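Structural overview for review
Residues per chain, in single letters:
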Amino acid sequence: MTITSELEERQLQLGIMETTPPSPCVFLGLPLLAGRIDGGKDDDLVLPYISRMLMEDDIAGEFSDQYDSDHPALLEAQRPFAEILSNEIETCPSQPLLTDTVDVVSMAFFKGMEEANKLLPITSKNLWKKRLVDRDDDAKAEGVGRSPSKQVAAPLRAESEEEAAAREMLDRLMLNGCDDPSLADKQVVMGMRKKPPRRHAAVDLHTLLIRCAQAVATNDRRGAADLLERIKRHSSPTGDGTQRLAYCFAHGLEARLAGTGSQVYRSLMAKRASMVGVLKGYQLYMASCCFLPVEHLFSNKTIYNAVAGRKKLHIVHCGLGRWLQWPDLLRWLARRDGGPPEVRLTGIDNPRPGFRPAQHIEETGHRLSECARQIGVPFKFHGIAKKLEAVQVEDLGIDPDEVLVVNSMVHMQTLMDESVIVERPNPRDMVLGTIRRMRPSVFIHAVNNGSQSSPFFMTRFREALQSFAALFDMMDTIAPRDDDKRLLVERDMFAGCVTNIVACEGMDRVQRPQSYKQWQARSQRAGLRQLPLDPEIVQMLKDKVKKEYHKSFMIDEDQRWLLQGWKGRVLYALSTWTADDDNLDRGL
C-alpha cells in the first residue's frame, strides 16, 4: 500500500473523508433464534445487541470531526514527513531493505501522523484525544502525589485504534454470540487469563481512609489534609484494586472537606463517558460479571411465567437505564407456543434538562419498537418523563385484561427517604404505595444491598468502603488493569456513587442504598406481600453462575431474597411481590 492510499484509508477511519449513510437500526438483520429459555447461550443476546449499537454510524459519528481530505493543516503537516520517507527510500540500496532501515521509515511515518494530529483543531469530539493519565504516574507515585480533586481519569487509546480493535471483537460477537472462546473477556470469565502479580502497598490504605474520614467528621482539617496527602502518594486510578479504591474515596473526602461535594458530583455526572464508552463498559460488565445477567434472567423468566396462557402483557419499567434486558424477553415471547402476547411497555424515567426532557425515553421506545417489529411481537411503548414518586395509577392506563408486571432494577435507591423528607410521606413509601394500588401480578424488585442511607457519616462511610472494596477487588480479578473498558466502568459506575455518598448531604445525596432486609420491612409496611422464589429459576441461575463466572461470585437465598455477592459480601438482592389483599381490605 502506498503512503497516499494509507493516509486516505486513515482519513476515512477518522471521519475526514465522506462516509456512508447511518444504518437504520441496531436490531435489523438479527435472526429469530430458536432455543431454550433456561439461561443457555442462545438467550445471552445482550452482548450482540451492544455490538450492533457500537457499529451504528449514528452513535460512532458523535465523536468524529468532519474534515475535508485536503484540510490545509493536515496537508502542510504531512508534507515534510512525506519528503523524509522519499529521501529514505531513495538512499536505500537496491537489495531488500534491512530491518533498521524499515524501522526508520516506520518511525518517520507514524511520527508524521502524530505531528499532523497536533495541528488539527482540538475539540471535545476529536478522535485523536490526548491521554488523560500519564503512563509515568506509577513511577512518580512515591514522589509528588496527584490531587484526587481532579476528575477521575482513564487512559484512553486513540479512538481510531480502539474502534478498530472493538470492531473485530464485535464482529465475532455478532457471528458467534457471547460464548466465543476467542473473546478476551470470556477468557477472563472462565479464569483463563492470569491476574498480574499484585504490588503490595507500603501502607494500610483502608486504615488511612478510616482515620481520614474520622478527621473530616470532627473537622480536624489539618489532620485530614496530612492523611489525604499520604493516601494520595500510595493511591492511583490505574493501580491495583486497593489503590483505585483509595484514590476514589480520597477524591470524595477531599471534596467533603472543601465543601464542594455537590459541585464535584454534578461535574462527574456531566462528564460521564459518551454513549460508545457506556456501551463498552456495559459490555465488559455483562461479559465478566454475573450481576446484571442474573438480574435480567431472573426478571425475564419471572415475567415469562406470569404471562403463560394469557394474551396481553403490560410491563411498567421504573428507570430505563437497563432497557437492554427486554429484547431477550421479546424473543422468548415470539417463539412461545400459541404465539406471542400483545406487549405494552410503559417506561418511566426522570426528565433530562434541556428542550427535549423525554428524548432518551423516546429513543429507547423507538429501538424497542423496531426490535419487536423485526421479531414479530405486537408491541406498544409509552414513555413517562416524570420522577417516579410523581406517577399516579391513573397515568398508566391499566387494563384488567392485561397481566401487569412492575419491574425495578436498583432504581429506587435514588429516592429520598424519611431521613430527608419528614413533614410529608417520603418518595420511597409513596412509590411502594402506588405499586400496591396498581395490584400487579408481580412486582420484581432488585436492590443494591448496603446500609449507605444512614444519616451518620462514619456509619455510611464504613459501609460504603466495605461494599466498594468488594467491587474494586472484583474488577481487579476479572479484568486486566490496563483494560480501557475496566477504567470506564470504575469511573462511570463507581466513582460518581462514591463521591455522592461520601461528599454530599441532604437533598444533594441521591445515592441511598439500603439493605434488602430494610427494603423487606418497608415493602411490607406499604401493603405488599412477598412471593416465594421459583425454585427452577433459582437453580438455573445458580448453575449459570457456577459454570460461566469466576468462582468468587456467590449466589444464595435468604428470606425469599435471591442474593448475589463477591467473596461472601452480599452486594445485590432480588425478590418478587404482589399486593397484600388483607391490607387492601383494611384500606392500608
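The protein is annotated in an unreviewed UniProt entry as Scarecrow-like protein 9 of Urochloa decumbens. Annotation of the protein in UniProt includes, under Sequence similarities (unreviewed entry), the sentence "Belongs to the GRAS family."

Bringing the overall build of the protein into the picture now. Looking only at helices and strands, one finds 22 helices and nine strands in the protein. Counting over 588 residues, the protein shows a buried share of 54%. Put simply, 79% of the contacts in the protein that link residues at least 6 apart link residues at least 24 apart. For the protein, the accessible area works out to roughly 27,200 Å², and carbon and sulfur atoms hold 53% of it.

Let us look at the pairing of strand β2 (residues 342-349). With seven of eight residues buried, β2 lies mostly within the body of the structure. Pairing analysis gives seven bridges linking strand β1 (residues 312-318) to β2, with the strands arranged parallel. From the neighbouring strand, H317 faces β2, where its bridge partner is G347. Handedness of the crossover joining β1 and β2 through helix α15 (residues 326-334): right-handed. Relative to strand β3 (residues 379-385), β2 runs parallel, the two being bridged by seven bridges. Paired with I348 across the two strands is I384, which belongs to β3.

Our next topic: helix α10 (residues 221-234). When the terminal C-alpha atoms of α10 are compared, their 20 Å separation across 14 residues agrees well with the 20 Å that a helix rising 1.5 Å per residue should span. Within α10, the full set of buried residues consists of A224, L227, L228, I231, K232 and H234. Angular distribution of buried residues about the axis of α10 spans 160 degrees; they occupy a single face of the element. Here the buried face of α10 lies against α9 (205-217) and α11 (241-258).

Next up on the list: the environment of F553. Structurally, F553 is set in strand β7 (residues 553-558). Judged by relative accessible area, which is 6%, F553 ranks as buried. Taking the C-alpha atoms as reference points, F553 and V570, 17 residues apart in sequence, are found 9.9 Å from one another. In contact with F553, other than residues within four places in its own chain, are S288, C289, C290, F291, M474, I478, V545, G565 and W566.

What follows is about the packing of aromatic side chains. Under the counting rule described, the total for this entry stands at twelve aromatic pairs. Ring plane angle 75 degrees and centroid distance 6.2 Å describe the contact between F468 and F494, whose orientation is recorded as edge-to-face. Taken as a pair, F468 in helix α18 (residues 457-478) and F494 in helix α19 (residues 484-503) lie far apart in primary sequence, 26 residues in all. By relative accessible area, which is 7% here, F468 ends up buried. What links up through ring pairs into an aromatic cluster is the set F249, F457, F461, F468, F472 and F494. The side chain of R522 reaches across the aromatic face of W519, ending 5.9 Å from its centre.

Bringing the packing of helix α17 (residues 427-438) against helix α20 (residues 516-525) into the picture now. Axis angle and axis distance: for two packed helices, these are the angle between their axes and the distance between the axes, and together they describe the pair. It is the contact of α17 with α20, at a shortest axis distance of 9 Å, that shows an interaxial angle of 55 degrees. Viewed along their axes, α17 and α20 adopt a mutual orientation that is oblique. As for how α17 packs across α20, the hand of that crossing is right-handed. In this structure, α17 contributes R428, D429 and L432 to the contact, and α20 contributes W519, R522 and S523. The residue makeup of the contact of α17 with α20, split by class, is two nonpolar, one polar and three charged.

The next subject is the pattern of salt bridges. What the rule picks out here adds up to 22 salt bridges. In this structure, the salt-bridge partner of K312 is D399, at a minimum N-O distance of 4.0 Å. Of this pair, K312 sits in strand β1 while D399 is found in the loop between β3 and β4 (403-409), placing the two residues 87 residues apart along the sequence. Here D399 falls in the partly exposed class, since its relative accessible area comes to 24%. Between R522 and E418 there is a salt bridge; the shortest N-O distance is 3.0 Å. Linking R522 in helix α20 with E418 in the loop between β4 and α17, this pair joins segments that are 104 residues apart in sequence.

Along β4, seven of the seven residues are buried, which leaves the element largely enclosed by surrounding structure. Burial along β4 is two-sided: the residues V403, V405, N407 and M409 and L404, V406 and S408 are all buried. The pairing of β1 with β4 spans six bridges and is parallel. In the strand pairing of β4, H314 is matched with L404.

The next subject is unusual backbone geometry. One non-glycine residue, N219, lies in the positive phi region at around 60 degrees. Here N219 shows up in the loop between α9 and α10. A positive phi angle, near 50 degrees, is found at Q559, a position not held by glycine. When you line up the elements, Q559 lands in the loop between β7 and β8 (561-566). Among the residues examined, Q559 registers a relative accessible area of 41% and is labelled partly exposed.

For the rest of this paragraph, the subject is the packing of α18 against α19. For the pair α18 and α19, the least separation of the axes is 10 Å and the interaxial angle reads 175 degrees. Here α18 lies roughly antiparallel to α19, going by the angle between them. For the pair formed by α18 and α19, the contact residues are F457, R460, F461, A464, F468, L471, F472, M475 and D476 on the first element and R486, V489, E490, F494, C497, V498, I501 and V502 on the second. Class assignment of the residues belonging to the contact of α18 with α19 gives a composition of 13 nonpolar, no polar and four charged.

With 65% of its residues at a pLDDT of 70 or more, the protein shows a mean pLDDT of 77. Model confidence for the protein, summarised as mean pLDDT per element, is weakest for helix α6 (residues 137-140) at 41 and strongest for β8 at 98. Below a pLDDT of 50 lies the segment residues 118-159, which in the model reaches 83 contacts outside its immediate sequence neighbourhood of four places, other chains included. Confidence drops under pLDDT 50 across residues 169-194; counting only partners more than four residues distant or on other chains, this segment forms 55 contacts.

Right, let's get into the environment of R462. For R462, the position within the fold is in helix α18. For the pair R462 and I210, spaced 252 residues apart in the sequence, the C-alpha separation amounts to 7.4 Å. In this structure R462 touches I210 and Q214, once residues within four positions along its chain are discounted.

About the thresholds
Residue positions within a chain follow its written sequence, with the count starting from 1. Reporting in this predicted model follows two pLDDT cut-offs: at least 70 for local features of residues, and 80 or more for side-chain atom pairs to be given and counted; totals over whole chains, interfaces and linings ignore these cut-offs and use all residues. As a rule here, side-chain values cover all heavy atoms of the structure and leave hydrogens and water aside. UniProt positions are given in the numbering used here, feature names are shortened, and annotations may be inferred rather than shown by experiment. The way it works is that DSSP assigns letters per residue, a run of H or I at least four long becomes a helix, a run of E at least two long becomes a strand, and they are numbered from the N terminus. The buried label applies to any residue whose accessible area, calculated with a 1.4 Å probe on protein chains only, is under 20% of its type's maximum; exposed applies above 50%, and partly exposed to all values in between. Contact definition: two residues touch when any of their heavy atoms are within 4.5 Å. Per-residue and other accessible areas were derived by the Shrake-Rupley procedure at a 1.4 Å probe size, with only the shown protein chains allowed to occlude residues. For two strands to be treated as a pair, DSSP must find no fewer than two bridges joining them. Orient the strands so they point away from the viewer, and a crossover whose first-strand-to-second-strand path over the helix runs clockwise is right-handed. One fewer than the residue count of a helix, multiplied by 1.5 Å, yields its expected span. Comment: arc refers to directions from the helix axis out to C-beta atoms. Aromatic contacts are taken between Phe, Tyr and Trp rings whose centres are within 6.5 Å, Trp giving its six-membered ring; a plane angle under 30 degrees counts as stacked, one over 60 as edge-to-face, and the others as tilted. In our convention, an over-ring charge means Lys NZ or Arg CZ found within 6 Å of a ring centre and within 35 degrees of that ring's normal. Where helices are involved, their axes are fitted lines through C-alpha atoms of the stretch in contact, as for all axes, and angles between N-to-C directions lie from 0 to 180°. Relative orientations are named as follows: roughly parallel for angles under 35 degrees, roughly antiparallel for angles over 145 degrees, roughly perpendicular for angles from 65 to 115 degrees, and oblique for any other angle. Should the near helix be turned anticlockwise from the far one by less than a right angle, the crossing is termed left-handed; should it be turned clockwise, right-handed. Residue polarity is assigned by list, with Asp, Glu, Lys and Arg as charged and Ala, Val, Leu, Ile, Met, Phe, Trp, Tyr, Cys and Pro as nonpolar; anything else, Gly included, falls into the polar class. Think of a salt bridge as a Lys or Arg side-chain nitrogen and an Asp or Glu carboxyl oxygen that are within 4 Å of each other. Per-residue confidence from the predictor is given as pLDDT, running between 0 and 100.

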